[in-house]
Amino acid sequence: MEIGEFFAVRPKEGLEDLMSLDIRFGNGAIQAIMSFMLKNQIVDTFLSFQERKDHFTLKPVLVEEPKEIFDISLSQFIAYNLPNIDSVSKYVASKLNGTKDKKIGVIARPCDIRAFIELAKREQVSIDNLFVIGLECIGRIDTKLLKKVLKKAEIDLESVVNEKINDGTLILELNDGTTQSFKLGEEIDIRSYCNQCPEKVPKENVADLTFWIDHPLEGNEEIFEVRSAEGQEVLEKAATEVIEAEKLSDEDVQQLKDYITSLEQTALEVQESEFAKLDEMTDEERFEYVISNFEQCTSCMMCIRACPICYCKDCNVIRRRKELDPIMINLTRLSHIGDTCVACGKCSEVCPKSIPLCIISKKLVEDSKELWPGHKPGHNVEEIPPRSWKGMKAASSAE
Ligand code: SF4
Ligand code: SF4
Ligand code: SF4
C-alpha cells in the first residue's frame, strides 16, 4: 500500500462479532478498522456519535471498547450532524484538552479538518495525537427543511430508522420496511453553505485516511484512500486481520476524482456568484449591507459558541454582550476570525436572525489574500498565523 492509493474495503469473511451486528450503513469496513485500532491500542479512544433527542441530532460520545464502535450512528452523522454548537474539532479542543494527553481517533468532515489545522496553529490541538479519518462530504442535509417536508408528507419523524445519500438522492428507510427518496436540490437539500463549499474531500495531509461512502463505483464496498504513513500502517495491519482491501484500478480512481471535481466545481460557481453579489456593490452599498445585517443581531452569542475556531475560554465579547452594541459585537468577532474562518457555515446556521455571517467572513478572507499572499485558513499546519506576534514580526522584518 502506498500513500495516495485508493482501496475498496470490506470486512473479512467470518468476522463473527461484526456480522452478528446490524450495520445500518455501508458494509461495516470502517467499524472493523476502528475496532481494530482500539483493540490494538493504536488510539486510546474514538470520538463517536449517538442519537440525541431525536433521530436527526447526534451527541458526541467517546468509545474505548472495541465492540462498542459497532453502535456508531454513522449514517446519521454523514447525513446530519452534531448539535448546533458542537463540531468534532470544537469538541476535541474544548472537551478533550486538544488531545494533548491521549491519542484520539476522529471521523471529520473537510471543514472540521480545516478547523483542526487552525486550532493546531494556535496550540489548541495536538495534531500528532489525532488519527483522522477524513470524510468525503457532499454536504449535510438541512434538517429544518427535512422535518418540514416530512411533516407535510405526513411521515412520522420517529418512523425514520436509517438514511443514505447516494448519487444526489437522500433515501430514508422507515420502520415498516419501506423507503422514501428525495432528490437533493428539490424539496430537500443540503445546507446552503454546503452548496457553496468547494472542498468536498480533505485537501491537506492532516487526514490519515479518507473515507468515501457516496461514490459512483459499483458494489457496496467502502472506499479508503491512504493519506499518511500512519494511515498506511493501520490499513496494512488491519488487512492482515479484519478487512480485505483491493486496490482500485486507475480508471476507478479517475471516476472517483471526476465525480468529486464536478461537485466541487458546481459549489465553486455558487460561491463565486455569492462573492460577485458583494463585488458588484459600491463600497458604500457593501458597508450598508454589512451594517444593516449586523443591526439585526440579538446578541445571543450562538455564532461564537458554534464557531469551531473561536476557542477563547474567557471571551470578552460574551462577557460584555449586554453592554456592547450589536454592530460592535459583530465587528469585533469579524476582526477576530478574519484570518481564521474555515467557512464551515455553522455561524450562519445557528443565527436566529439568518444573518449571512459565513459569506461575510469568507469574503473577508478572500479579500485579504492581497494582504497575506499564500494565506488560506485551514490549509497549512506549518503556517505562522499572519496576525500572531510571530507572524507580524516575520512580516515586519521582511519589509
Ligand atoms: S461545509 Fe458542508 S460540504 Fe463542506 S465540508 Fe463542511 S459539511 Fe461538508
Ligand atoms: S466564522 Fe462561521 S464559517 Fe467561519 S469558521 Fe466560524 S462558524 Fe465557521
Ligand atoms: S448568532 Fe446572530 S443574533 Fe446571535 S450573536 Fe451571532 S450574529 Fe447576533
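Below is a summary of the structure that appears in this document. (Residues numbered from 1 in each chain as written. Chains lettered and ligands numbered in written order. Predicted model: local features only at pLDDT ≥ 70, side-chain atom pairs only at ≥ 80, totals over all residues. Heavy atoms only, no water.)

With 12 residues, helix 5 (residues 110–121) extends 17 Å between its outermost C-alpha atoms, agreeing within 8% with the 16 Å of an ideal straight helix rising 1.5 Å per residue. With 12 of 12 residues buried, helix 5 is to be regarded as a mostly interior element. By the burial criterion, the buried members of helix 5 are Pro110, Cys111, Asp112, Ile113, Arg114, Ala115, Phe116, Ile117, Glu118, Leu119, Ala120 and Lys121. Along its buried surface, helix 5 packs onto helix 4 (88–95), strand 4 (104–108) and strand 5 (130–135). (Helix = DSSP H or I, 4+ residues; strand = E, 2+ residues; numbered from the N terminus. Expected span 1.5 Å × (residues − 1). Buried < 20%, exposed > 50% of the residue type's maximum accessible area, 1.4 Å probe, protein only. Contact = heavy atoms within 4.5 Å.)

As a further point, take the pattern of salt bridges. Under the definition given, this model contains 26 salt bridges. One salt bridge connects Lys247 with Glu5, and the closest N-O pair in it is separated by 3.6 Å. Of the two residues, Lys247 is situated in strand 11 (residues 243–247) and Glu5 in the segment before strand 1 (6–11); the sequence distance between them amounts to 242 residues. In this structure, Lys103 and Glu230 form a salt bridge, with 3.0 Å as the shortest nitrogen-oxygen distance. With Lys103 in the loop between helix 4 and strand 4 and Glu230 in helix 8 (residues 229–241), this residue pair connects regions lying 127 residues apart in the sequence. With a relative accessible area of 15%, Lys103 lands in the buried category. Through salt bridges with shared partners, a single ionic network connects Glu118, Lys121, Arg122, Asp339, Glu383 and Arg387. (Salt bridge = Lys/Arg side-chain N within 4 Å of Asp/Glu carboxyl O.)

Our focus in this paragraph is the site of ligand 1. All residues in the neighbourhood of ligand 1 are listed as Arg109, Pro110, Cys111, Cys137, Gly139, Arg140, Arg191, Cys194, Cys197, Lys200 and Cys344. When atom positions are compared with the pocket grids, ligand 1 is found to occupy the largest cavity. Class assignment of the residues belonging to the shell around ligand 1 gives a composition of 6 nonpolar, 1 polar and 4 charged. (Near = heavy atom within 4 Å. 1 Å grid on protein atoms, 1.4 Å probe; cavity = no way out; pocket = protein on both sides within 12 Å on 5 of 7 lines; lining within 4 Å. Sits in = over half its atoms within 2 Å of the grid points. Nonpolar A, V, L, I, M, F, W, Y, C, P; charged D, E, K, R; others polar.)

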